[in-house]
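Here is how the chains run, residue by residue.
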Amino acid sequence: MFAGDQNGLQGDPRLKAISEAIRVVPHFPKPGIMFQDITTLLLDHKAFKDAVDIFVDRYRDMDISVVAGVEARGFMFGPSIALAIGAKFVPLRKPRKLPGEVISEAYVLEYGTDCLEMHVGAVQPGERALVIDDLVATGGTLCAAIRLLERVGAQVVECACVVGLREVKGQHRLNGKPLYILVEPRQLTNCSAPSVNGVAVNGVETCRHNDLYLSAT
Ligand SMILES: O=P(O)(O)OC[C@H]1O[C@H](OP(=O)(O)OP(=O)(O)O)[C@H](O)[C@@H]1O
Ligand SMILES: Nc1ncnc2[nH]cnc12
């Protein structure tokens, strides 16, 4: 499924290719989760470049000076976008990874809890920031990222993800910040059992169906 009616890209054939390049792995990392694996998108040069280009086209004239990427998968898209739009890249890292002075924000995940940290001094008050990640599920991670940036006085212009779950499309889970997504998650059919069409749990079956997303929660 593509998010073309929300992101202004309705009918853009690039979205179909991007969506189909994302592998869906049922029951990973735990039963009930339909894991959207963007590593297969990274293997597809054209689809990967198209995804980055769409973001670059959207943000190049928005006077953004900071692209903040969420560890780990936001690091796979953020630096390319930052370089192309002339912004700096600021990594928002998991706990105890950054060596300098940090500020921290805890958050709840679809499958656990975690915390994001940012180096003090990486972002200055008044800077205009874009937050980038591969996927938004509950929105908890993006909210933590927004809080980090706002605590140092930055203005979060928008959050951008390749994949967005329906429930968090729009702004209600992101402290009113706009959310821009490219595609909706795909879903394997007949995958409620641990074994799907002979493919083992945590196997590498690629979803070919665009249908409802099933969450474990
Ligand atoms: O919208 P949310 O419910 O907060 O979930 C989305 C987050 O979950 C995933 O990361 P994860 O925490 O699994 O870490 P990883 O990128 O290091 O695998 C994903 O890359 C997002 O960052
Ligand atoms: N369903 C999912 N697929 C990939 N990453 C996720 N992060 C949270 N939920 C996810």
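Provided above is the structure to which this section pertains.
The structure reproduced in this document is the subject of the present report. (Residues numbered from 1 in each chain as written. Chains lettered and ligands numbered in written order. Predicted model: local features only at pLDDT ≥ 70, side-chain atom pairs only at ≥ 80, totals over all residues. Heavy atoms only, no water.)

### Structural notes on the packing of helix α2 (residues 13-21) against helix α4 (residues 45-59)
Helix-helix packing: each pair is described by the crossing angle between the helix axes and the interaxial distance. To be explicit about the condition: A fitted line through C-alpha atoms serves as each axis, taken over the contacting stretch for helices, and the angle formed by two N-to-C directions is quoted from 0 to 180°. Only DSSP runs of H or I reaching four residues or more are called helices, and only runs of E reaching two or more are called strands; each is numbered from the N terminus. Roughly parallel refers to an angle under 35 degrees, roughly antiparallel to one over 145, roughly perpendicular to one between 65 and 115, and oblique to any angle outside these ranges. Should the near helix be turned anticlockwise from the far one by less than a right angle, the crossing is left-handed, and should it be turned clockwise, the crossing is right-handed. Should any heavy atoms of two residues lie within 4.5 Å, those residues are considered in contact. Under the convention adopted here, Pro, Cys and the residues Ala, Val, Leu, Ile, Met, Phe, Trp and Tyr are nonpolar, Asp, Glu, Lys and Arg are charged, and Gly plus all remaining residues are polar.
Two elements in contact, α2 and α4, have axes whose closest approach is 9 Å; the angle formed by their N-to-C orientations is 125°. Regarding the angle of α2 to α4, the classification is oblique. In this structure, α2 meets α4 at a crossing whose hand is left-handed. For the pair formed by α2 and α4, the contact residues are Arg14, Leu15, Ala17, Ile18 and Ala21 on the first element and Ala47, Asp50, Ala51 and Ile54 on the second. Considering only residue class, the contact of α2 with α4 consists of 7 nonpolar, no polar and 2 charged.

### Structural notes on the environment of isoleucine 81
Note on placement: isoleucine 81 falls in helix α5 (residues 78-85). Taking C-alpha positions, isoleucine 81 is 19 Å from glycine 8, a pair spaced 73 residues apart along the chain.

### Section: the site of ligand 1
The test is simple: Being near a molecule or strand, for a residue, comes down to having at least one heavy atom within 4 Å of it. We call two N or O atoms a polar contact when they sit within 3.5 Å, provided that within protein one can donate a hydrogen and the other can accept it, with sequence-adjacent residues counted only if both atoms are side-chain atoms. Surface accessibility in these figures is a Shrake-Rupley result with a 1.4 Å probe; residues are shielded only by whichever protein chains are displayed.
Close to ligand 1 lie 16 residues, the nearest being Asp133, Asp134, Ala137, Thr138 and Thr141. The separation between an oxygen atom of ligand 1 and a polar side-chain atom of aspartate 134 is 2.5 Å. Taking glycine 140, its main chain carries an N or O atom lying 3.5 Å from an oxygen atom of ligand 1. Within the complex, 87% of the 500 Å² of free accessible area of ligand 1 lies under protein. Mapped onto the shell around ligand 1, the elements with two or more residues apiece are β7 (128-136) and α6 (140-151). Per-element tally for the shell around ligand 1: the top contributor is β7, with 4 residues.

### Quick notes on the state of the cysteines
Filter applied, for reference: Working definition: a disulfide is two cysteine sulfur atoms within 2.5 Å of each other. The buried label applies to any residue whose accessible area, calculated with a 1.4 Å probe on protein chains only, is under 20% of its type's maximum; exposed applies above 50%, and partly exposed to all values in between.
For the coordinates displayed, the defined rule picks out 0 disulfides. The thiol sulfur of cysteine 143 is not disulfide-bonded, and the nearest other cysteine sulfur, from cysteine 159, lies at 7.8 Å. Residue class for cysteine 143 comes out buried when judged on its relative accessible area of 9%. You can see cysteine 161 has no disulfide; the closest cysteine sulfur is in cysteine 159, sitting 7.1 Å from it.

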